[in-house]
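# Summary of structural features
Each chain, letter by letter, is given below.
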Amino acid sequence: MSNTRGVGYIFQMKTINIYLILTVLLMGTGFFQKSLLAQSNDKTLKYVKDFSGEKKEERAFIKKLLKDENKINLAIKNTKLLIEKSRNKPYLPELYLRLADLYVEKSRVSYFIRKSLKKEPLTKLETLPSTSLKNQAIEVYQRILDHFPDFEQCDKVHFFMAHEFKELGKIDQMIIHYRKIIKSFPKSLYVPESYLLLGDHYFKSQDLDMAQTHYSEIIKFPDSPAFSIAQYKLGWCHINRAEFQKAIKRFEIALSSAKKHKTNDIDTYRRIDIRLESLTDIAFCYVDCYKKHSPEKAIAYFQSYAWSLGSFITSLEKLAGRYFLKKKWKHSIIVYRKLSELQENTDNLLIYSQKIFECLRETNEYEHANTDVQIIIKALEKQRYSTHISKKEKVKKEKEYEIFAREIITSLHDNARKQNNIEAFKQASDAYLVYLDFFRETDVFWEMTANCAEALFASENFIKAGQHYEKLYNNAPEKIVNKEEVLFSALTSYYHALKNKDKLNPYEKNYCRQGLLSNGKIFVDKFPNAKQIQDVLFNMAWITYDEGKYDLAIEQFKSFINTYPNGRATRAAIHLIMDAFYMKEDFKGLVIFGKDILSNPKITNDKLKKEVSTIVSSAEQKIVYTLSLSAIDDWEKGRTKILSVARKHAGSSLGEKALQSLLGPSLEKKDLLTFFQTGNNLIVNFPNSSNYEKTLRLMIQTSMKIGDYKLLANYLELFCNSLPKQEDNLLFLKQASHIYQQLGAYKKANKLFDQLIYKHENLKQSQIDYVVFQWIDNLLTENLIIETLPVLKNYLNILSEEGSTIARAKLSTAYFKLGEQKNGNKILKKMKKLIKSTKKPIIQDALLEMKFYSLSKTYSDYLKCQMKETLDNKLFKQKQKQFAILQKGYNQILSYPSPRWVLASCAHLYKVYYDFANFLRNAPAPKMGETEKKQYMELIEKQAQTYEKNALKFKKTFLDRSQAWSICDKKLIPFFNMINDKEIKNIFYKEPSPLLNSNVFEPSKDLIPLYKERLSEPKELTSLYELAKLYAEKKEWGQIFLLCENGLEKDDISTKDRSMLISIQGLICLYKNNDNMAQTLLKKSLEIDPNNVVSRINLSALLLNYGYLSKSKEILSKKTSLSTKDSVWIHPGAK
Amino acid sequence: MKRTTLIVSILFLCIMIQSCLFFKPDKQLKKEISKKDNFSLAYNLFSKQQYNKALPLFHTYLKTHGPDDDNYAWALFFYGISLKENGYKYLAFDVFLQLIEKSPNAKIVTHILGLLEPAILNAQLSENYILYTSFCSKNFDYIEAPLSYFINYQQGMCNWKKGYIEWGNEHFQKIPLESVYYTKYRFEKARLFIQKNENEKAIDILENILNSKNVSKSIKTKSQITLARLYYGQKKYNQADKLYKKIAKYHPEQSRFLLERAWTQFHMGYLDTALGLIIALNAPEFKDQITPEYFLLKSLIYKNVCNYKSALDIVEEFQDQYKDILSSLKNRHKLANHIPALKLLSNKKIISDQLKILEQLEFENKMTKTLTNKSISKDLSSKYQVLINKHINLIKKKADQAYISLANQLFTYEENMRLMNYEIGLDMYQRVKQVAGKSKKTLSENHYDNPVIYSFINEYWNDELDNLRVSLIDQCQTLEEWDIFFK
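Predicted, not measured: the structure shown is a model, and the values here were computed from it. (Residues numbered from 1 in each chain as written. Chains lettered and ligands numbered in written order. Predicted model: local features only at pLDDT ≥ 70, side-chain atom pairs only at ≥ 80, totals over all residues. Heavy atoms only, no water.)

### Thoughts on the pattern of salt bridges
For the structure shown, the criterion picks out 64 salt bridges over all chains. Here Glu948(A) ties to Arg921(A) by a salt bridge, and the two come within 2.6 Å at their closest N and O atoms. Of this pair, Glu948(A) sits in helix α45 (residues 930-965) while Arg921(A) is found in helix α44 (residues 899-922), placing the two residues 27 residues apart along the sequence. A residue is classified by how much of its surface remains accessible, and Glu948(A), at 18% relative accessible area, is buried. Note that Lys383(B) and Asp379(B) form a salt bridge whose closest N and O atoms lie 3.4 Å from each other. (Salt bridge = Lys/Arg side-chain N within 4 Å of Asp/Glu carboxyl O. Helix = DSSP H or I, 4+ residues; strand = E, 2+ residues; numbered from the N terminus. Buried < 20%, exposed > 50% of the residue type's maximum accessible area, 1.4 Å probe, protein only.)

Written out as structure tokens, the structure is:
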């Protein structure tokens, strides 16, 4: 028998019942006595009170019902009495209503008394009193309606009547009264309730349309407490029609409206949490409604509608159950997983685990199943540490769920193996770890540990893999695992972990290193014949290296290499040793080791040796680099160190590198002696070095910079000789020959000319001509006429046309000079015409020289041809003939504009005429008388005088021409002396410096300070002048000349300096017997700077020496003053 | 209606008077108790507060009856109370939690929650104690204030911890401002902001807590510590220092705060005070609480005033102190055999808290042996063993994690100290270079003001710790004997 009553009914019942029940309760529990005890604030008594109160409630309830029954009887009696006395009173209908209520209440009490006493369901007979009381109540209600149709609470009367009819099973009557309310009292509070109860009736009767119609009417009363219930009920109508989406909408509205109408006065739904019901019923529909929604979406949906963790869990439980029921395993599993996160109740967790397992079995898909093992373990752990579950139960459940967990893990592992995917192995290993942490005493513990280790390794969790393999080695029974294999696996795991050591923290690094080392030792001891022993030994050494214990690592690797000179890890071992040395910055050690490897015959890997060689070389470079760095701070100390290394490693590449490293800094520090010594050392001792050319170039460059041309020429020559194929070879040859030329080392110059000519194909024509004639000049300067012959003959063909002409002339001249008249004339004959036709002075000069010397023999014979004691006609005729030849010959020369050969011819003509005059005078008279003799002598004298006159004419011509041309040429001096009374002395010539020593490759120590200055201030001329002065002291004229030449190459020098440098070059030419060039240069100097005192004095002196007095005076006419610093450049003769 | 009410009221008063004058014990009840079953006997004794006698009887009853029995839930509750009153605290609360989980009896649950609240509030039980039970998802809407504040706070925290912030907030909103749980919630909210890296919001809350009246001492201290650390993180050293100074002198983690304050002073440039605070850590009571950080900071302070010898000494001291433990760690000693590490770990709060519980469990387990009733003795002992195993397992897991963390920390510190050693060397060299060109200052010019407040006498009083300053001479402008080697 339910107790479904409406709002008003309840309210009215309350007014009576509360007092009654409270009174009975207070009496029954001994409240007043216990309240005194409660003051003692003793909690225990409070508990006791609550307990006893609860127990007494039951007994008191029957007692109370009995009392209530009496009271109700009394109340009915009194009410009846009151009704009787209240006829026509306005409150009469109210009293009837009270009476009806009392009948209803009595009916309820009567029912409960019987039920409480019997404690079993009542028979129809037993419920009869209760039923009759209800009928009595109905009658009273009907009386009210019949007699008091205008009673203001008629709607209530109908409502209560309907309820009682329902209780009595008179549904039609019930419907009539509810409809009456709806129809007659549309504004009554009972209208939505009536619709609701009618709707419930039709719903129960499966008349969904009617039910829905009635429930729908309630929607018009949104403020009614029945609103949310109606929505909920409508939802169920939709469910019954399989309209899940509509149902969900209704439940959603019910949810939100139920929140608003939290209190519900309808008894039927008082104990029902509509919100929770709606939420869980949504879960019921959701699965059918949103078939395509992902479980994650579903979870989010329920989270959005849940209002607490509890409601969320309840709804998800329903959802997961529905998914499970609908065989949506994948969905179900995800919801159960979520539930496992939220739930802390052990029993529920175990249920979820089982459901998850069943889903997994169905799907056979184990993605994320590692989480499921965690769920199982979480539940089992809660169970294991629960004090409320029996040990037997725990053991049973653990056994049962261990099988679940194991099956999941095994499947996970199998899947991972199939996929061969790191992520899959990671899931499997995670599951294994959770399993092993919990199931420590299962029979399969070691098998699972082995599998776990394998999965960990495959998932690249190497540290944990190593730990598990170690555990297997140390603790697993021999029957289950192969000890050698697992120990090696542990080592491999740690090795792999350390390969990415950047990802490890300090603890992990240490763990792996020590794991590898300690287990490595065990492995080597226990399994010395294992095939992996080589790898183990290598890795142990590697780990020592990795720890930074380089010395120990080197020893271990060396031992490894000795054992396995051609092992697969030998290359790595060698590299690591070298790396260790490198890390220690022990480059010497590295080099020594590397060389040992290179010389180790057992190591046959050539490629490796090549690598080692490269590294050794690099190490050597490092050594010297370090030394160089230290030398920068302390040069002396550093230099000594490097030299010491170079000495120690003389001949080796390290020695070479040491020396190489000294070059730069020594130049930087301007330690020229060290620089040249080092450079020379390198050049001499390492001719095959790749740095040879570089070094040589540096030496060349530096020699040039400092202005030591002797060194420069030597280095240039060395370069040319040692690097004949180098690009710059030709240029260097030219430069070297030029320098030698200037230094007066003609033989050296000629040697290089020879080389140049050998490479004539690479020379320009003008260069070929220049080289050949320079060579010839050099030979002639040294009076090596005979040596000119092959040069001229051999290279005649490669000379230019002009050069060839000159060469032939010179060849002819040489023949004449050597007395080979025949050869000379042979050429002369062919070139006679050319003498007349050529206009080029240079060719003309050569041809005239040839012509001049072609007369040499005749001239010489002529001078020798003198009468003796007797007159010899034949001799006279011979002399006369010779005279004629000479006269003709020299006169021919005079017709050409070649000053040198004109003057020479004049001088010879003067001599020829003069000699003939004397010849005549000195010729013995024929045998005749005195008079005749006297006449004869007078006649002879007359004739002699004529010759003498002619002679003087040539002398005058000579003097006139020479004064006009002012030629200062050493080659002309014999002719001057022939003419002049006063002999021209060779006052300008200076002793040249000793011959160049081609083995000297060091600068003079006394010149080094100046050389340093030259290096520091290459643009400054002060140091150039100073150096030139020092060279002058050493009579190294060539050096001065080249130094000045270098100075003149600069673009930005002043006119004064330019003039001075040329002037000095002029002076040098004086010293070198090249008056002609001296004159040209001095003149040029004065053209540039007419105030150049040095040039004026020197030129004036030169001219004076040749007897050009007026010109000499003219030059000196301008008043000048000579500075002290320049006085050194005045020729001593000029002073 | 009014008349009816009047009549009923008169009737009610009469009944009341009658009840007071003529009350007699309920015969029916007495009759039932007279059955003298175990429950009744136990209940009788229990109601007389004879818990030791009631305990075995409840125990027997519970063994022979199932949850379907009418009295079962109450018996279990009384049994729990009896356990508690007999000193079996942990087992008692274990029973209570079982009841929360399974009993639908609102009265019993209310009583249990009423017992849990003070136990947690007074730290007899950990806050986490109920978080991993079904307490979190239970509906306790029927619990009335002020106990409901406790429920809402705990359930709010549960929700937060599981990531359901809004649901948690709904619980917290039901706590009135004047409740102690409101402040606790505010503090937790500040922590939540810190976790989300919203430090300014956290600072606002913590400052607000500290400015509020009637804040419990523990929350105040926690707020001070958290705020001090936040200020420190923001380099507001002055504000941090003021708070560190306020933190209770007898805080169990005083050594930690001394060190933190020392860091603050160090950053403020008060090296003498910083050193004083560090030296205070040598007090016997902190003997086991010195951390590697102590050596690092001490060395750093000496280095900063160019007192290199002392700085190097500290580096050596660190190496001496941790030589053995580092060596064992390097050799991968297992924690179980590693006594020095175990000692260090036992000082970690995360472990020490668990150890205290374990100790209490052992103690309570021992008490079970004194019970004359062998059945209950055996049963309780086996239950204690379950709880002990649970905690051992928990401690083992935490210790294993802490051991790794400790090892990692020590290795890192070892490296830092090595770096410190190197930096000292570097500083020594660089200083010589700098000083060489400068005129030497007199010692007095470099001396800190008021160099010694308390002389070092190997003894400390908590009151003094804050003020301890040590004479520190800035030697950065002077050359020492060893400097000659660098010249």
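### A few points about the state of the cysteines
Should the sulfur atoms of two cysteines be covalently bonded, the bond is a disulfide. Residues and elements named next belong to chain B. One pass over the full model with this rule turns up 1 disulfide over all chains. Disulfide pairing is shown between Cys136 and Cys158; the S-S distance is 1.8 Å. Taken together, the residues span a long stretch of sequence, with Cys136 in the loop between α7 (106-121) and α8 (147-162) and Cys158 in helix α8 at a distance of 22 residues. Cys158 carries the same exposure label as Cys136, and that label is buried. (Disulfide = S-S within 2.5 Å.)

### Regarding the packing of helix α23 (residues 483-499) of chain A against helix α25 (residues 533-546) of chain A
Residues and elements named next belong to chain A. It is the contact of α23 with α25, at a shortest axis distance of 11 Å, that shows an interaxial angle of 35 degrees. The interaxial crossing formed by α23 with α25 has left-handed handedness. When α23 is examined against α25, the residues Phe488, Leu491, Tyr495, Leu498 and Lys499 are found in contact with a partner set consisting of Asp535, Val536, Asn539, Trp542, Ile543 and Asp546. (Axes fitted to C-alpha atoms, helices over the stretch in contact; angles between N-to-C directions. Left-handed = near helix turned anticlockwise from the far one by under 90°. Contact = heavy atoms within 4.5 Å.)

### Some details on the packing of helix α3 (residues 38-47) of chain B against helix α5 (residues 72-85) of chain B
Residue and element names in this part refer to chain B. Look at α3 against α5: their axes get within 11 Å of each other, and the N-to-C directions meet at 45 degrees. When the axes of α3 and α5 are compared, the pair comes out oblique. Helix-helix and strand crossings are classified by hand; for α3 and α5 the assignment is left-handed. For the pair formed by α3 and α5, the contact residues are Phe39, Tyr43 and Phe46 on the first element and Ala75, Phe78, Ile81 and Ser82 on the second. Among the residues forming the contact of α3 with α5, the class breakdown is 6 nonpolar, 1 polar and no charged. (Parallel < 35°, antiparallel > 145°, perpendicular 65-115°, else oblique. Nonpolar A, V, L, I, M, F, W, Y, C, P; charged D, E, K, R; others polar.)

### Overview of the confidence of the model for chain B
Residue and element names in this part refer to chain B. For chain B, the average pLDDT comes to 79, and 79% of its residues sit at 70 or higher. At the low end of the mean pLDDT range in chain B sits helix α21 (residues 443-446), at 38; at the high end sits helix α11 (residues 199-211), at 94. Residue range residues 1-35 is modelled with pLDDT below 50. Its contacts to residues more than four positions away, or to other chains, number 29 contacts. Scored below 50 in pLDDT, residues 439-465 makes 44 contacts in the model with residues more than four places away or belonging to other chains. Prediction confidence for the complex, expressed as pTM and ipTM, is 0.64 and 0.81 respectively. (pLDDT = per-residue confidence, 0-100.)

### Thoughts on the packing of aromatic side chains
In the structure shown here, the tally under the stated rule is 89 aromatic pairs over all chains. A ring pair is formed by Phe457(A) and Phe462(A), whose centres lie 5.1 Å apart and whose planes are at 70 degrees; its orientation type is edge-to-face. Look at Phe883(A) and Phe916(A): their rings are 4.7 Å apart centre to centre, the planes differ by 35 degrees, and that puts the pair in the tilted class. With Phe883(A) in helix α43 (residues 873-894) and Phe916(A) in helix α44, the pair connects residues that are 33 residues apart, well separated along the chain. Overall, Phe916(A) belongs to the buried group, its relative accessible area being 1%. These aromatic residues form a ring-pair network of at least three members: Tyr47(A), Phe39(B), Tyr43(B), Phe46(B), Tyr51(B), Phe58(B), Tyr61(B), Trp74(B), Phe77(B), Phe78(B), Phe93(B) and Phe96(B). The aromatic ring of Phe324(A) is capped on one face by Lys355(A), whose charged end is 4.2 Å from the ring centroid. For the cation-ring pair, Lys483(A) lies above Tyr473(A), with the distance from its terminal atom to the ring centre recorded as 5.5 Å. (Phe/Tyr/Trp six-rings, centres within 6.5 Å; stacked < 30°, edge-to-face > 60°. Lys NZ or Arg CZ within 6 Å of the ring centre and 35° of its normal.)

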